[in-house]
Amino acid sequence: MLIEKSNRGERDIALARVVWGDGTVTDFEVKIQVSCVAKLTRGEELRARLLDLARMGMPDDEIAEKLTR
């Protein structure tokens, strides 16, 4: 199996390629844990939504549940 880093600039996704014995190829994306929201592919969008919910007075635990869904 060959694993390559995404060439799209996303830090939370790795591209993986499996070359099978018969020569067929399967490509797929693998999510990678990152250390901060800024490194997520949609991190800025997530941060903005979190701040909007907090400004509306939503408690932290509800924000976490909502954004996790």
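See the structure above.
Parameters at a glance
Residues numbered from 1 in each chain as written. Predicted model: local features only at pLDDT ≥ 70, side-chain atom pairs only at ≥ 80, totals over all residues. Heavy atoms only, no water. Helix = DSSP H or I, 4+ residues; strand = E, 2+ residues; numbered from the N terminus. Buried < 20%, exposed > 50% of the residue type's maximum accessible area, 1.4 Å probe, protein only. Contact = heavy atoms within 4.5 Å. Areas by Shrake-Rupley, 256 points an atom, 1.4 Å probe, with all protein chains shown as cover. Salt bridge = Lys/Arg side-chain N within 4 Å of Asp/Glu carboxyl O.

A. Molecular detail of the overall build of the chain. Counting its regular elements, the chain contains 2 helices and 3 strands. Listing the helices and strands of the chain from first to last along the sequence gives β-β-β-α-α. Burial status across the chain gives 14% buried among its 69 residues. Contacts in the chain between residues far apart in sequence, at least 24 positions, make up 10% of those at least 6 positions apart. Surface summary for the chain: the accessible area is close to 5,700 Å², and the carbon and sulfur share equals 53%.

B. Up close: the environment of Val18. For Val18, the location among the structural elements is in strand S2 (residues 13-19). C-alpha separation for the pair Val18 and Phe28, spaced 10 residues apart in sequence, amounts to 8.6 Å.

C. Region of interest: the pattern of salt bridges. Under the defined criterion, the tally for this structure stands at 1 salt bridge. A salt bridge links Asp27 to Arg17; the shortest N-O distance between them is 2.7 Å. Residue Asp27 is found in strand S3 (residues 25-31), and its partner Arg17 is found in strand S2; the two are separated by 10 residues along the sequence. Note on Asp27: relative accessible area 48%, which makes it partly exposed.

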